[in-house]
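Residue strings, one per chain:
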Amino acid sequence: MGTGTVRRAHAADEAAGLRREQRGWYVYDWACSVYSTSVLTVFLGPYLTSVAERAADGDGYVHPLGIPVRAGSFFAYSVSLSVALAVVLMPLAGGMADRTGRKKPLLAAAAYTGAAATAGLFFLDGDRYLLGGVLLVVANAAQSVAMMVYNSYLPQIAPPEQRDAVSSRGWALGYAAGSLVLVADLVLYSAHDSFGLSETTAVRICLASAGLWWGAFTLVPLRRLRDRHAREDRATAPGARQLAATVRDMRRHPLTLAFLLAYLVYNDGIQTVITQASVYGSEELGLGQSTLIGAVLLVQVLAVAGALAMGRLARTYGTRRTILGSLVAWTVTLTAGWFLPARAPVWFFALAAGIGLVLGGSQALSRSLFSHLVPPGKEAEYFAAYEVSDRGMSWLGPLLFGVTYQLTGSYRSAIVSLVAFFVLGFALLARVPVRRAITEAGNPVPERI
């Protein structure tokens, strides 16, 4: 057999191996997205708040570790604590992954810690608010670490020209899983009497089943993804110095930092829309809970099509240009939200449809574009900074939303104030010379980016 034939056979085997890894990689989005949709977005907030209210004293306070906390604020404070914990853990886990090359054990540890904590929410009943808070902190922080490790695989399993499509398929599959499980959850919750269940038991089953789903489907990526050898020139410090070492290294790549700043700004707008749209719908538009849950489901379903469609647009028009187009679409959608009439569910569903169509694609393509800007061998380390930037700055949007409402007394003004994040994010991203940034990071430049 000639040398050329051997090389072609080796290249074919390598391509087949990458396709197998990509299919396994997609499944982790399918596994963990159910937690974000059913647990964080729909069920846990209202349920944990009701548990805390049952445990509250006559003034409406609970006292975790002796600290007086309003029962209605306990869920929000628990989420904030989980974000703080994740910000500490992600750089440490990212540095360890790059230093050792052993990402699968870290992914397994984080994913199964989160899945176990989520499944443990089945035991959240009565007045056990503190149990719910602890499990939420553990699950949310573990999910952040697992997503960081998961994202860091993208540059290793997909050549530059395939990353937009691979990233978009992962997001699409995650939204598909969220939609499927949310439909099943809503059937169980709405018809709990028919199943011989109380309302609280139905909620606990919905919460715990998300953990079981997460854990079961995580087996697929753990079987298919491969660890790579760490680069021999890795010299970043272990332990608590890792984040500082990462920041120092990133200063050598200012264009990567410039993209990260743009992403930080517009993604904060995206995350705030996700969390505050239901408040706008209920408080300003007077819509009921069933309408709001239906809108969440519509966003999930359309985000599948949106992610795949924007992945195709990126192949034609380039990744950065497609993201910029999505930011224009976000701006138009939120501006239209100002004009929605009250008590008109059909128009709120139209707003949800607009959000769904740009949601998955803008996130998927941002992940793909950032993967081109990461120096080889530092994938987990840089994606830790990516996730830290995402979660560590996610208070700015809610703050602007809250301050605007406080000053104006209008949720319409509050929701349209978020346009500022998309306009500023557009301006910052438009100034990033992406091709030069990729070259300076030491990566090949795709034909269309």
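Quick caveat, the model's predicted, so the values are computed rather than measured. Residues take numbers from 1 onward in each chain, read along the sequence in its written order. Note on the predicted model: pLDDT of at least 70 is required for a residue's local features to be given, and 80 or more for side-chain atom pairs to be given and counted; whole-chain, interface and lining totals, by contrast, use all residues. Side-chain metrics in this entry use all non-hydrogen atoms of the structure; hydrogen atoms and water are not considered.

**Q** Sorry if this is basic, but what is going on with helix H3 (residues 103–119) here?
**A** Since the α-helix advances by 3.6 residues per turn, residues separated by three or four positions end up pointing in the same direction. Over its 17 residues, H3 runs 24 Å from end to end, which matches the ideal 24 Å to within 8%, given 1.5 Å per residue. Between buried and exposed lies partly exposed: a residue is buried under 20% and exposed over 50% of the maximum accessible area for its type, with that area taken using a 1.4 Å probe on protein chains only. Helix numbers and strand numbers start at the N terminus; a helix is a DSSP run of H or I with at least 4 residues, a strand a run of E with at least 2. Within H3, the full set of buried residues consists of Lys103, Leu106, Leu107, Ala110, Ala111, Gly114, Ala115, Ala117 and Thr118. Here the buried residues of H3 occupy an arc of 165° about the axis, which is enough to place them on one side. By this rule, a helix spans an expected 1.5 Å times one less than how many residues it contains. What the arc measures is the spread of directions leading from the helix axis to the C-beta atoms.

**Q** Teacher, can you tell me more about a nonpolar patch on the surface here?
**A** Exposure above 30% relative accessible area and the absence of a salt bridge qualify a residue for a patch, where like charges join within 9 Å and nonpolar side chains (Val, Leu, Ile, Met, Phe, Trp, Tyr) within 5 Å. For the accessible areas, the method is Shrake-Rupley and the probe is 1.4 Å, while residue cover comes only from the protein chains on display. Each reported salt bridge corresponds to a side-chain nitrogen of Lys or Arg within 4 Å of a carboxyl oxygen of Asp or Glu. A cluster of nonpolar residues, Leu85, Val88, Leu89 and Leu92, forms a patch on the protein surface that exposes about 290 Å² of accessible area. With respect to the element layout, Leu92 can be found in helix H2 (residues 74–100).

**Q** I tried to follow helix H16 (residues 419–430) on my own but got confused; where do I start?
**A** For H16, which comprises 12 residues, the first-to-last C-alpha distance of 17 Å matches the rise-based estimate of 16 Å (1.5 Å per residue) to within 8%. Residues of H16 that are buried include every one of Val419, Phe421, Phe422, Gly425 and Leu429, and no others. Along the axis of H16, the buried residues cluster in a sector spanning 155°; they form a single face. Those residues of H16 hidden inside the fold are in contact with helix H9 (254–284), helix H11 (319–337), helix H14 (396–408) and helix H15 (411–417). Contacts are assigned to residue pairs with any non-hydrogen atoms lying within 4.5 Å of each other.

**Q** Would you mind showing me how to read the side chain of His253 here?
**A** Relative to the helices and strands, His253 resides in the loop between helix H8 (242–250) and H9. In this structure His253 touches Pro375, Tyr382, Glu440 and Ala441, once residues within four positions along its chain are discounted.

**Q** Quick question: what am I supposed to make of unusual backbone geometry here?
**A** Residues apart from glycine generally show negative phi values, whereas peptide bonds are mostly found in trans. In this model, Leu65 sits at a positive phi of 55°, which is unusual for a non-glycine residue. Its place among the elements puts Leu65 in the loop between strand S1 (61–62) and strand S2 (69–70). Residue Leu65 is classed as exposed on the basis of its relative accessible area of 80%. The residue Arg343 is not glycine, and still its phi comes out positive at about 55°. As for its position among the elements, Arg343 is in the loop between H11 and helix H12 (345–372). Overall, Arg343 belongs to the exposed group, its relative accessible area being 66%.

**Q** Would you take a moment to explain the packing of aromatic side chains for this structure?
**A** The description of an aromatic ring pair rests on the distance of the ring centres and on the angle between the ring planes. Between the rings of Phe, Tyr and Trp (Trp by its six-membered ring), a pair exists once the centres lie within 6.5 Å; its type follows the angle of the planes, with under 30 degrees stacked, over 60 edge-to-face, and the other angles tilted. Applying the stated criterion across every chain yields a total of 21 aromatic pairs. Ring centres of Trp25 and Tyr150 lie 4.4 Å apart, and the angle between their planes is 15°; on these two criteria the pair is classed as stacked. One end of the pair, Trp25, is in helix H1 (residues 3–55); the other, Tyr150, is in helix H4 (residues 129–152), and 125 residues separate them in sequence. Taken individually, Trp25 and Tyr150 each receive the classification buried, so the pair is uniform in this respect. Geometrically, the ring pair formed by Phe370 and Phe383 is edge-to-face, given 5.2 Å between the ring centres and 80° between the ring planes.

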